[in-house]
Amino acid sequence: MEHRITIDPITRLEGHGKIEIFLDENGNVEKAYFVVPELRGFEIFVKGKPAEDMPIITPRICGVCPTAHHMASTKALDDLYKVEPPSPAKKLREMLYNMFMLEDHALHVYILGGPDFIVGPKAKKEERNVLGVIQKVGLEIGKKVISMRREIRELMTLLAGKVIHPAWGVPGGVTRGLKEEERKNFVKVAEKGVEFALFTLKVFKDIVLSNKEYVELITSDTYTHRTYYMGLVDNNKKVNFYDGKIRVVDPEGKEFALFDVRDYKDYIAEHVENWTYIKFPFLKKVGWKGFIDGKDSGVYSVAPLARLNASEGMATPKAQEAYEEFYKTLGVKPVHHTLANHWARVIEMIYAAERFLELAKDPEITSDNIRNISKEIPSVGIGVVEAPRGILIHHYETDEKGFITKANLIVATQNNAARIAMSVEKAAKGLIKNGKYDEGILNMIEMAFRAYDPCHACGTHSLPGNIPLLINIRDKKGNIIDKIKNF
């Protein structure tokens, strides 16, 4: 019997990774590893760069999450230069950010995670994709999804210069405002966004929640972990993607911590394993106890389900209705079922669309008061936003001229890395028995990580220390005439 199963590459996620599963002599899973083989090292090569370039550089970390990195970086510069953006600039930033959250969540619901439920977890792998989804839901709905994302992204391009790599946020504000004649189109698209998000909730109910087999799968122990949850909340402890304090609740739903991002090092530490390049953040005051859940383990979760669990509700009416229905249906808070992330993501689409509409209708948003200029000497700046995949922190330190001397990025997927590793192993142990498995079962193991919508393009980092590098300089005959090394 083959004692090792490798899923490589894993699919329908951002970035790369593989799963290694080891079986015992009876064909049952002994150990499973979720391995991230990439090494990006942005924290190292931004050293020496002007801090004001960071909102332009850091979106290059990822083609899916550029707006999240751009905004976290811009907020870190506000803090670095001790400058508060004027109210219209804050509203513009928050509006753009909610537009991004809406279209990014739609990407996962319909294209990355959706095929597992809309087409079916055990459907043929050549059908588990966006084409399979369109075949299932119909061409008109497919066109609706593509059209909605295109309209939002075109407005993001108008406002922020580029949708992939925005060049818009600056310390103390933004470089471009919104004209009154442009605002009308933003309102129009936002209204369509609310309708689209509510339509998506209906699709989710019709296809997923009405299917008893799917509901049993979502609530099964195979996809359940009792961990801490972390999310950004406003002054009323409601979900907020752009600003607020970081709130942590324990596995019983009790508030464990509420803190400003500038204090994050008092609460978050990072653990390293030698089989993957991703780091494993954990709650410093609980400690790293290994890949285990429960109140005594510092493992925590971020992303849609965690945000709902860590909050006391949604700040817009229709999202709040959906939030209340979510917990009433599942009967408990916090909800610990990993696959419930998909439902929570749809609720967040409603909030993002409603908040987009609120801000687009706000008369102040067309003000030309869009930037304050700082005269402070920079030293340390820390910014935070909720990326679609969870809490994203940018921390910069500079010399007195504003050149980066140290950078630390705690990326959304890193925050979930320990729980993802646990989820993959638990799914493998629950689904593979006596050496029996097929393509459908292997996909159901992948579903354990896919629910978090991980982005390993963002999540990988260099390990502590230097990467050994040796450069041989040769003459035209190939003889080594000099060597440069950093070890």
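Here the structure is shown first, and the text comes after it.
Residues numbered from 1 in each chain as written. Predicted model: local features only at pLDDT ≥ 70, side-chain atom pairs only at ≥ 80, totals over all residues. Heavy atoms only, no water.

(A) Geometry of the overall build of the protein. Of regular secondary structure, the protein possesses 16 helices and 16 strands. On C-alpha atoms alone, the protein measures out to a radius of gyration of 23 Å, which is about the 23 Å that the 2.2 N^0.38 rule sets for 487 residues. By element, 51% of the accessible surface of the protein is carried by carbon and sulfur atoms, the whole surface being about 20100 Å². Looking at charge distribution, the protein has the averaged site of its 69 positive side-chain charges lying 2 Å from that of its 66 negative ones. (Helix = DSSP H or I, 4+ residues; strand = E, 2+ residues; numbered from the N terminus. Rg over C-alpha atoms; globule rule 2.2 N^0.38 Å. Areas by Shrake-Rupley, 256 points an atom, 1.4 Å probe, with all protein chains shown as cover. Lys, Arg positive; Asp, Glu negative; His and termini not counted. Charge placed at Lys NZ, Arg CZ, Asp CG, Glu CD.)

(B) The sheet that holds strand S13 (residues 390-398), seen in detail. What the three strands build is an open sheet, ordered S12-S13-S14; its pairing is antiparallel. What marks the edges here is a single partner per strand, and that holds for strand S12 (380-387) and strand S14 (404-410). In this sheet, neighbouring strand axes are inclined to one another by 10 degrees on average, regardless of whether the strands run parallel or antiparallel. Relative to S13, S12 runs antiparallel, the two sharing eight bridges. Pairing of glutamate 386 across the sheet is with isoleucine 391, part of S13. Where helix H3 (residues 66-80) meets the sheet, its contacts fall on S12 and S13, and the angle it forms with S12 comes to roughly 150 degrees. (Pairing = 2+ DSSP bridges. Axes fitted to C-alpha atoms, helices over the stretch in contact; angles between N-to-C directions. Contact = heavy atoms within 4.5 Å.)

(C) The packing of aromatic side chains, seen in detail. Considering all chains together, one arrives at 20 aromatic pairs under this definition. Look at tyrosine 228 and phenylalanine 256: their rings are 5.2 Å apart centre to centre, the planes differ by 70 degrees, and that puts the pair in the edge-to-face class. Of this pair, tyrosine 228 sits in strand S6 (residues 228-233) while phenylalanine 256 sits in strand S8 (residues 255-259); the two residues are 28 residues apart in sequence, bridging distant segments of the chain. Judged by its relative accessible area of 3%, tyrosine 228 falls in the buried class. Given the relative accessible area of 32%, phenylalanine 256 is considered partly exposed. Taking the centre distance of 6.3 Å and the plane angle of 35 degrees together, the rings of phenylalanine 280 and tryptophan 288 count as tilted. Judged by its relative accessible area of 1%, phenylalanine 280 is buried. (Phe/Tyr/Trp six-rings, centres within 6.5 Å; stacked < 30°, edge-to-face > 60°. Buried < 20%, exposed > 50% of the residue type's maximum accessible area, 1.4 Å probe, protein only.)

(D) Spotlight on a positive patch on the surface. There is a patch of like positive charges on the surface, built from Lys47, Lys265, Lys284 and Lys406. Inspection of the secondary structure puts lysine 406 in strand S14. Residue class for lysine 406 comes out partly exposed when judged on its relative accessible area of 36%. (Patch = residues over 30% accessible without salt bridge, like charges linked within 9 Å, V, L, I, M, F, W, Y side chains within 5 Å. Salt bridge = Lys/Arg side-chain N within 4 Å of Asp/Glu carboxyl O.)

(E) Region of interest: empty space enclosed by the protein. With the rule as written, the count across this model stands at five cavities of 30 Å³ or more. As a volume, the largest cavity reaches approximately 150 Å³. Forming the walls of the largest cavity are 15 residues, and the residues nearest its centre are Val109, Gly114, Ile118, Phe204 and Val208. Listing elements by their share of the lining of the largest cavity, those giving two or more residues are helix H4 (87-112), helix H5 (114-118), helix H8 (180-209) and helix H13 (341-361). (1 Å grid on protein atoms, 1.4 Å probe; cavity = no way out; pocket = protein on both sides within 12 Å on 5 of 7 lines; lining within 4 Å. Points joined across faces, edges and corners; volume = space filled by probe spheres on them.)

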